[in-house]
Amino acid sequence: VAAVQRRSVVKLGTTALLGTALAGCRPALAPRLAPTAPAGRRLQLAVPRVRLDRVIRTTVGLRPHRDGGFVLRAEKLDAKVLVHNYGHGGAGMSLAWGCGVLVADLSQPTGATQVAVIGCGAPGLCTARQLQRRGYAVTIYAATVPPDTTSNRSWAGYTPTTALIAPERRTPAWDQQFRTAAEISYRQLQTMVGPRYGVYWIDAYAATDDPTARPGGGQDGDLVPEHLRPGRDRQVLGPGEHPFPTSHAVRTSNLAIEPSIYLDAVVDDFLAAGGRIVIRRFESRRELAALAEPVVVNCTGLGSFSLFDDMELVPIKGQLTFIVPQREVDYRVSSRAANGGNAGLNPRSDGIVVGNSQEPGVWSLDVNEEILKRNLEAAMTFVAGMQPPAPAQRLTRSRPPSVPPALETFLDVDQ
Ligand SMILES: Cc1cc2nc3c(=O)[nH]c(=O)nc-3n(C[C@H](O)[C@H](O)[C@H](O)COP(=O)(O)OP(=O)(O)OC[C@H]3O[C@@H](n4cnc5c(N)ncnc54)[C@H](O)[C@@H]3O)c2cc1C
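Since the structure is predicted, the reported quantities are computational estimates derived from the model, not experimental observations. (Residues numbered from 1 in each chain as written. Predicted model: local features only at pLDDT ≥ 70, side-chain atom pairs only at ≥ 80, totals over all residues. Heavy atoms only, no water.)

Draft legend 1. Layout of the environment of Leu-72. Among the structural elements, Leu-72 can be located in strand S2 (residues 71-77). According to the relative accessible area criterion, Leu-72 is buried, its value standing at 6%. C-alpha of Leu-72 to C-alpha of Asn-298: the two residues are 226 residues apart in sequence and 9.4 Å apart in space. In this view, Leu-72 contacts His-84, Asn-85, Cys-99, Leu-102, Val-103, Leu-106 and Gln-177; residues no more than four positions away in its chain are not counted. (Helix = DSSP H or I, 4+ residues; strand = E, 2+ residues; numbered from the N terminus. Buried < 20%, exposed > 50% of the residue type's maximum accessible area, 1.4 Å probe, protein only. Contact = heavy atoms within 4.5 Å.)

What follows is the structure, encoded as structure tokens:
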């Protein structure tokens, strides 16, 4: 225990030095050590090495939010049928497969065999696949394709209600569409777990001094059926049972997606099933009406603001900072910092994601340096207060193994 404490003190010193490197930013939260407990009782979790010199990139994406929720309906476009499927806010990765089935249902009565899908983010790709599964010949037309879509810049958990709809705008018909989409998507994503699609289950910890805290953002109330709520298997860990610098930690199982792996794999599936992708930007409905396909599906997300004059669409800017991946960090953790920062850490193979922001109404794709500094500082302070695994103890496994067996035993990694 003494050795563990000594190492933690050294880490605090390192972080203090790094804190001064963040120009003009003072740590808002004094780091403190997690309560000590016998190593056997405590979760043995590797400590993420959050440092300025380990930052590898920051990405910005604009969530396509509508107070009235996503739009999923059919209308006439001259002699064609136009099916809208856009405006999924912070839930487009979570709802895409189910919305795709609803689009296929709306396309069925047309009797058409060829469909044009406009847009190649998660909603467009999953819709295209659902249509293929019903036998349609599908062409995707899109201005950009992965990795250049909002979907690629997603934090990408199963978060079906995040930034989705203003509660007072819900209607029974919309609720029904949402629940169907959420259910189908949840089941589909479960069957995609594994390295091929980059979908996996992961332990997520909410480090908190309030053991009644409910993890996971998004809508409460009766919108999400109980069995679809993230965090149903909620388990509260008390002082000494976890390594975090808070009194408690709430552990839940979360379904997570690695967007770069996932989107490329769905593109591959789409092409393998005979789909075509055409790179093209549309400026007007007239251009869409001139396409050869009798059914056109609009999955342009925020693009519908100008293409269909939907002034209800509002961007919710989101920014993620990545540090060098650590294979031994296989759990998520979130914590609110006193500096207002988001000390959230989300390990992926393309980097450990630090933070996740929401700036409503901001159209800029520029990095917000203030948010970047605040979140990094919050994360550095947080990990400085974590208790490292005891030497020679096995790490607690939070994800299916992605490391060779030799690495499963903790080898006193330089923190
Ligand atoms: C930081 C961040 C975190 C997020 N976290 C989550 C999460 O945890 N869980 C979750 O479910 N969701 C999350 N989201 C939300 C999710 O990423 C979006 O809901 C989803 O990506 C939106 O998909 P989209 O198809 O609307 O947009 P996009 O992925 O951008 O796709 C739009 C497509 O339409 C094309 N297009 C647009 N306009 C035109 C035009 N005029 N002509 C031709 N093509 C056009 C584009 O080129 C592109 O191919 C997050 C988003 C961000 C930014």
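Draft legend 2. Main features of the pairing of strand S14 (residues 351-354). With three bridges joining them, strand S11 (residues 313-323) and S14 adopt antiparallel strand pairing. Within S14, the residue paired with Thr-321 across the bridge is Val-354. Bridging between strand S13 (residues 345-348) and S14 involves four bridges; their strand directions are antiparallel. Note that in S14 the partner of Leu-345 across the bridge is Val-354. Hairpin geometry of S13 and S14 is characterised by an intervening segment of two residues between the two adjacent antiparallel strands. (Pairing = 2+ DSSP bridges.)

Draft legend 3. Expanded view of the site of the ligand. Taken together, 37 residues lie near the ligand, and Gly-89, Ser-94, Thr-144, Thr-150 and Ser-151 sit nearest. Between the ligand and the protein, one listed contact pairs an oxygen atom with a backbone N or O atom of Gly-92 at 2.9 Å. Contact between the ligand and Ser-154: a nitrogen atom at 3.3 Å from a side-chain N or O atom of the residue. Protein burial of the ligand: of its 1,000 Å² of free accessible surface, 95% is covered by the chains. Counting only elements with at least two residues in the shell around the ligand, the list comes to strand S1 (55-66), helix H2 (92-107) and S11. Considered class by class, the residues forming the shell around the ligand number 13 nonpolar, 20 polar and four charged. (Near = heavy atom within 4 Å. Polar contact = N/O pair within 3.5 Å; in protein donor to acceptor, adjacent residues only side chain to side chain. Areas by Shrake-Rupley, 256 points an atom, 1.4 Å probe, with all protein chains shown as cover. Nonpolar A, V, L, I, M, F, W, Y, C, P; charged D, E, K, R; others polar.)

Draft legend 4. Structural detail: the side chain of Thr-127. Position of Thr-127 among the secondary structure elements: in helix H3 (residues 122-133). Taking relative accessible area as the criterion, Thr-127 reaches 0% and is therefore assigned buried.

Draft legend 5. Inspection of the sheet that holds strand S5 (residues 137-142) at higher detail. Spatial strand order, S2-S3-S10-S4-S5-S9: six strands in an open sheet with mixed pairing. Because the sheet does not close on itself, it has two edges, and the strands there are S2 and strand S9 (276-279). Averaged over all neighbouring strand pairs, the angle between strand axes comes to 20°, with direction disregarded. Where S5 and S9 come together, four bridges link them in parallel fashion. Bridging from a neighbouring strand, Ile-140 pairs with Ile-277 of S9. (Axes fitted to C-alpha atoms, helices over the stretch in contact; angles between N-to-C directions.)

Draft legend 6. Fine view of the pattern of salt bridges. Counted by the stated rule, this structure contains 19 salt bridges. For Lys-317, the salt bridge identified is with Glu-359, shortest N-O distance 3.9 Å. In this pair, Lys-317 is assigned in strand S11 and Glu-359 in strand S15 (residues 359-360), connecting sequence segments 42 residues apart. With relative accessibility at 3%, the residue Lys-317 sits in the buried group. (Salt bridge = Lys/Arg side-chain N within 4 Å of Asp/Glu carboxyl O.)

Draft legend 7. Summary view of empty space enclosed by the protein. The final tally for this structure, using the stated rule, is one cavity of 30 Å³ or more. Approximately 40 Å³ is the volume attributed to the largest cavity. Taken together, Gln-319, Leu-320, Thr-321, Val-354, Gly-355, Ile-371, Leu-372, Asn-375 and Leu-376 make up the lining of the largest cavity. Of all the elements in the fold, those that place two or more residues in the lining of the largest cavity are S11 and helix H8 (369-384). Looking at the lining of the largest cavity, the element that brings in the most residues is H8, giving four residues. Of the residues belonging to the lining of the largest cavity, the class tally is five nonpolar, four polar and no charged. (1 Å grid on protein atoms, 1.4 Å probe; cavity = no way out; pocket = protein on both sides within 12 Å on 5 of 7 lines; lining within 4 Å. Points joined across faces, edges and corners; volume = space filled by probe spheres on them.)

Draft legend 8. Representation of the packing of H2 against H3. Between H2 and H3, whose axes approach to 7 Å, the crossing angle comes to 40°. Taken as axis vectors, H2 and H3 run oblique relative to one another. Along this stretch, H2 crosses H3, giving a crossing that reads as right-handed. Residues Gly-92, Met-93, Ala-96, Trp-97, Gly-100, Val-101, Val-103, Ala-104 and Ser-107 of H2 form the contact with H3, whose participating residues are Ala-122, Pro-123, Cys-126, Thr-127, Arg-129, Gln-130, Leu-131 and Arg-133. Across the contact of H2 with H3, the residue classes tally to 10 nonpolar, five polar and two charged. (Parallel < 35°, antiparallel > 145°, perpendicular 65-115°, else oblique. Left-handed = near helix turned anticlockwise from the far one by under 90°.)

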